[in-house]
Protein chains: 2
Amino acid sequence: MGWHVRADARRNLGKIVEAAAEVMAERGVDAPMEAIAKRAGVGVGTLYRRFPDRHALVVAVGDHYIHTMADALDRASAGADAWAAIREFVTWAAEPGRAALATALAEVPQEAIAGSAEFARKRAGWVEGFDALVRRAQADGSMRADVTVEDLIHLLNVFTCHPGRLPEPVASRPVRYLHLMLDGMKAGAATPGAAPSPRDPS
Amino acid sequence: MGWHVRADARRNLGKIVEAAAEVMAERGVDAPMEAIAKRAGVGVGTLYRRFPDRHALVVAVGDHYIHTMADALDRASAGADAWAAIREFVTWAAEPGRAALATALAEVPQEAIAGSAEFARKRAGWVEGFDALVRRAQADGSMRADVTVEDLIHLLNVFTCHPGRLPEPVASRPVRYLHLMLDGMKAGAATPGAAPSPRDPS
DNA sequence: CCCTAAGTGGAATCCTGAATTCCGGTTACG
DNA sequence: CGTAACCGGAATTCAGGATTCCACTTAGGG
């Protein structure tokens, strides 16, 4: 029944999640547990007691950060200019250290999401918000209509995933490439004869 | 002194290089040697006798394909329209199965290139040709001036690297994303206030 | 202040997935 | 045919991590 969770234990839990976020941003979602423990200044044992498996840890990280993503998106969406908002958000997301988010939010979903309805819901909400923004930009004619939120999200994942998974020059300047992509997504940027398949009805 | 290299041995060599190209396209340059051997219908031992280490194998593959790349580039460059040529070449390069080339030509260079002056020279020649094309497109005003061949090459590598290194939706339609990128590279696509750093003098 | 449940670190162990070696058995071909 | 070249792939070695376990510390209620 109601027994005490020692204060220091709770504190460690926090340190672990943060450490996990950092390490996973640098080395990918499947960074060695030991590396995470070390970064958190904690023994592997402790880590394992809190999170039975990597899964739990990933969900925890995602859950911990989904808010940050949502906030950033809201903040960017505030203005009336949808296109500018998208650009602002993408730029923000590409900042170094932010990778963990994209990672946690994308690389695991399939299994992890199933394990945490809570997390799944939040993520879905975020995607929905992003989608609304995209549609807004397309509606006001600033963004070409044949690209989707998914495109944006995927691309975001590609360019902000941990270094070592991308050729160095790309990994070190994700914003440059992300902006290039955005330029290609502006209304009118489409090359006539051979446009990417439009909003896929599948 | 002059002894015979058995015909079947030479044949196997060929099979190995081709198998290596295939497997490396699917699993990356560091695909397990055994997988390559199996694909080639040969024992690991045989593979090791021909190529002391993965290095040699990679160089062999690169060497085997650099021609294909060069040819495709020449073919595309033939017409007068430089921009169209770039688009054509990129499209060609993104076709499934072509990944090995980019991979072999990019993921290893550092060490491998040093090991094969021959290969290094060919590769350099190819890059030079590609660069000429890019400059031509920029000169005739069809391509923005603040992007470089390197950008193109890197992006080509990113989008055509083996599946499993990219989020599935991206891996399965590299052309779509490459074209998006090209659209962003067209003259006039640049977003005023915040252009990517121009040809870096570094 | 003391006792004990809660919490801790990290050595020890177990696994997995390759790399690399080795050699008895084949085969091309002079 | 005889034999130098070649083969295949089982066997061995290795690296990196996951996971377990338990002797040893503490927080913190009484």
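This text follows the structure it describes.
Let us look at the structure shown here. Chains are numbered independently. Their residues run from 1 in the order of the written sequence. Here chains are named by letter from A upward and ligands by number from 1 upward, in the order in which they appear as written. Only residues with pLDDT of at least 70 get local features here, since the model is predicted, and only at 80 or more are side-chain atom pairs given and counted; chain-wide, interface and lining totals rely on the full set of residues. The basis for the side-chain values is all heavy atoms of the structure; hydrogens and waters are excluded.

**Some thoughts on the overall build of chain A**
And step 1. Of the regular secondary structure elements, chain A holds 11 helices and 0 strands.
And step 2. Along the chain direction, N to C, the helices and strands of chain A fall in the order α-α-α-α-α-α-α-α-α-α-α.
And step 3. Residue burial in chain A is summarised as follows: out of 202 residues, 49% are buried.
And step 4. Long-range pairs, those at least 24 residues apart, make up 67% of the contacts in chain A with a sequence separation of at least 6.
And step 5. For chain A, the exposed surface amounts to about 9,600 Å²; the carbon and sulfur share of it is 56%. Strands are runs of DSSP state E lasting at least two residues, helices are runs of H or I lasting at least four, and both sets are numbered from the N terminus onward. Relative accessible area decides the class of each residue, using a 1.4 Å probe on protein chains only: under 20% of the type maximum gives buried, over 50% gives exposed, and in between gives partly exposed. In what follows, residue pairs with any heavy atoms lying within 4.5 Å of each other are defined as contacts. Accessible areas in this description were obtained via Shrake-Rupley with a 1.4 Å probe; residue shielding takes into account the shown protein chains only.

**Structural notes on the protein's contact with DNA strand C**
And step 1. One heavy atom within 4 Å of a molecule or strand makes the whole residue count as near it. Around DNA strand C, a shell composed of 23 residues is seen, among which R6, N12, G45, T46 and R49 of chain A lie nearest.
And step 2. Considering the 4 Å shell around the protein, atoms of DNA strand C inside it are sugar or phosphate in 62% of instances.
And step 3. Of all the secondary-structure elements, those providing two or more residues to the surface near DNA strand C are α1 (7-27) and α3 (44-50) of chain A together with α1 (7-27) and α3 (44-50) of chain B.
And step 4. Under this grouping Gly is polar, as are all residues other than the nonpolar Ala, Val, Leu, Ile, Met, Phe, Trp, Tyr, Cys and Pro and the charged Asp, Glu, Lys and Arg. When its residues are assigned to classes, the surface near DNA strand C shows 9 nonpolar, 8 polar and 6 charged.

**Here's the deal with the side chain of T191 of chain B**
And step 1. Position of T191 of chain B among the secondary structure elements: in the segment after α11 (174-185).
And step 2. At a separation of 2.6 Å, a polar atom in the side chain of T191 of chain B contacts the side chain of D183 of chain A.
And step 3. Pairing of N or O atoms within 3.5 Å defines a polar contact, subject to two protein rules: one partner must be a possible hydrogen donor and the other a possible acceptor, and residues neighboring in sequence count only if both atoms are side-chain atoms. There is a polar contact of 3.1 Å between the side chain of T191 of chain B and the side chain of K186 of chain A.

**Points about the packing of helix α8 (residues 117-139) of chain A against helix α9 (residues 149-160) of chain A**
Packed helices, taken two at a time, are described by the angle between their axes plus the distance between the axes.
Residue and element names in this part refer to chain A.
And step 1. What counts as an axis is a line fitted to C-alpha atoms, over the stretch in contact for a helix, and the angles between N-to-C directions run from 0 to 180 degrees. For the pair α8 and α9, the least separation of the axes is 9 Å and the interaxial angle reads 115 degrees. The element α8 and its partner α9 pack so that their crossing is right-handed. Contacts between α8 and α9 involve W126, V127, F130, D131 and V134 from the first element and V149, L152, I153 and L156 from the second. Crossing handedness is defined as follows: a turn of the near helix away from the far one that is anticlockwise and smaller than a right angle gives a left-handed crossing, while the clockwise case is right-handed.

**A short note on the relation of the copies chain B and chain A**
Mapping between the two copies of the chain is achieved by a rotation about an axis and a shift along the axis.
And step 1. In screw terms, the move from chain B to chain A is a rotation of 180 degrees and a rise of 0.1 Å along the axis, fitting with an RMSD of 0.1 Å. The superposition of one copy onto the other is thereby described by a two-fold rotation axis. Scanning chain B for the C-alpha nearest the rotation axis identifies G184 of chain B, at a separation of 1.7 Å.
And step 2. An overlap of 100% is found between the interface residues of chain B and their copies at the interface of chain A, pointing to a shared contact surface. To line up the copies, we fit them by least squares on C-alpha atoms, keeping just the residues with pLDDT of at least 70 in both.

**Observations regarding the packing of aromatic side chains**
All names here are of chain A.
And step 1. Only centres within 6.5 Å qualify two rings of Phe, Tyr or Trp (six-membered ring in Trp) as a pair; their planes then separate them into stacked at under 30 degrees, edge-to-face at over 60, and tilted for everything else. In the structure shown here, the tally under the stated rule is 11 aromatic pairs over all chains.
And step 2. On the numbers, 5.7 Å between centres and 25 degrees between planes, the contact of F89 with W92 is stacked. Linking F89 with W92, this pair stays in helix α5 (residues 82-93), spanning 3 residues, or about one helical turn. Note on accessibility: F89 and W92 belong to one class, buried.

**Concerning the interface of chain B and chain A**
And step 1. Across the boundary between the two partners, chain B contributes 32 residues, which contact 32 residues of chain A.
And step 2. As a working definition, buried area equals the accessible area (1.4 Å probe) given up by two parts on being put together, with both sides summed. Carbon and sulfur atoms supply 56% of the area buried between chain B and chain A, which totals about 2,600 Å² over both sides.
And step 3. Its largest share of buried area at the contact with chain A, chain B owes to R165, R176 and L180 of chain B, together 22% of the area lost on that side.
And step 4. Definition used for salt bridges: Asp or Glu carboxyl oxygen within 4 Å of a side-chain nitrogen of Lys or Arg. Linking chain B with chain A are 4 salt bridges, by the criterion used here.
And step 5. The closest approach of N and O atoms between R176 of chain B and D151 of chain A, which form a salt bridge, is 2.3 Å.
And step 6. Viewed at the interface, chain A and chain B are joined by 17 residue pairs in polar contact (both at pLDDT 80 or more).
And step 7. Breaking the side of chain B that touches chain A down by element, the ones donating at least two residues are α9 (149-160), α10 (168-171) and α11 of chain B.
And step 8. Top contributing element to the side of chain B that touches chain A by residue count: α11 of chain B, with 8 residues.
And step 9. Class assignment for the residues of the side of chain B that touches chain A results in 16 nonpolar, 7 polar and 9 charged.

**Concerning helix α8 (residues 117-139) of chain B**
And step 1. The length a helix should cover is 1.5 Å for every residue beyond the first. End to end, α8 of chain B covers 32 Å across 23 residues, agreeing with the expected 33 Å (1.5 Å per residue, within 8%).
And step 2. Phi turns positive one or two residues past the end of α8 of chain B, at G141 of chain B, with a value near 75 degrees.

**Focus: the side chain of H154 of chain B**
And step 1. Tracing the sequence through the fold places H154 of chain B in helix α9.
And step 2. Once residues within four sequence positions are removed from consideration, H154 of chain B is found in contact with P167, P169, V170 and Y177 of chain A.

**A short note on the state of the cysteines**
And step 1. We call a pair of cysteine sulfur atoms a disulfide whenever their separation is within 2.5 Å. Considering all chains together, one arrives at 0 disulfides over all chains under this definition.
And step 2. You can see C161 of chain A has no disulfide; the closest cysteine sulfur is in C161 of chain B, sitting 9.2 Å from it.
And step 3. You can call C161 of chain A buried: its relative accessible area is 13%.

**Some remarks on the pattern of salt bridges**
And step 1. Counted by the stated rule, this structure contains 26 salt bridges over all chains.
And step 2. Among the salt bridges present, the one from D183 of chain B reaches R87 of chain B, with a minimum N-O distance of 3.4 Å. Placement of the pair is D183 of chain B in helix α11 and R87 of chain B in helix α5 (residues 82-93), with a sequence separation of 96 residues.
And step 3. Residue D183 of chain B is classed as buried on the basis of its relative accessible area, which comes to 1%.
And step 4. When its relative accessible area of 11% is taken as the criterion, R87 of chain B is described as buried.
And step 5. Several salt bridges converge on common partners, so that one network encompasses R87, D183 and K186 of chain A together with R144 and D146 of chain B.

**Here's the deal with the protein's contact with DNA strand D**
And step 1. Around DNA strand D, 23 residues are found, and the nearest of them are R6, N12, G45, T46 and R50 of chain B.
And step 2. Per the 4 Å cut-off to the protein, sugar and phosphate atoms form 66% of the nearby atoms of DNA strand D.
And step 3. Between a base nitrogen of DNA strand D and a main-chain N or O atom of V44 of chain B, the distance comes to 3.5 Å.
And step 4. Interatomic distance of 2.9 Å between a side-chain N/O atom of R49 of chain B and a phosphate oxygen of DNA strand D.
And step 5. Contributions of two or more residues to the surface near DNA strand D are made by α1 of chain A together with α1 and α3 of chain B.
And step 6. In terms of residue class, the surface near DNA strand D is built from 9 nonpolar, 7 polar and 7 charged.

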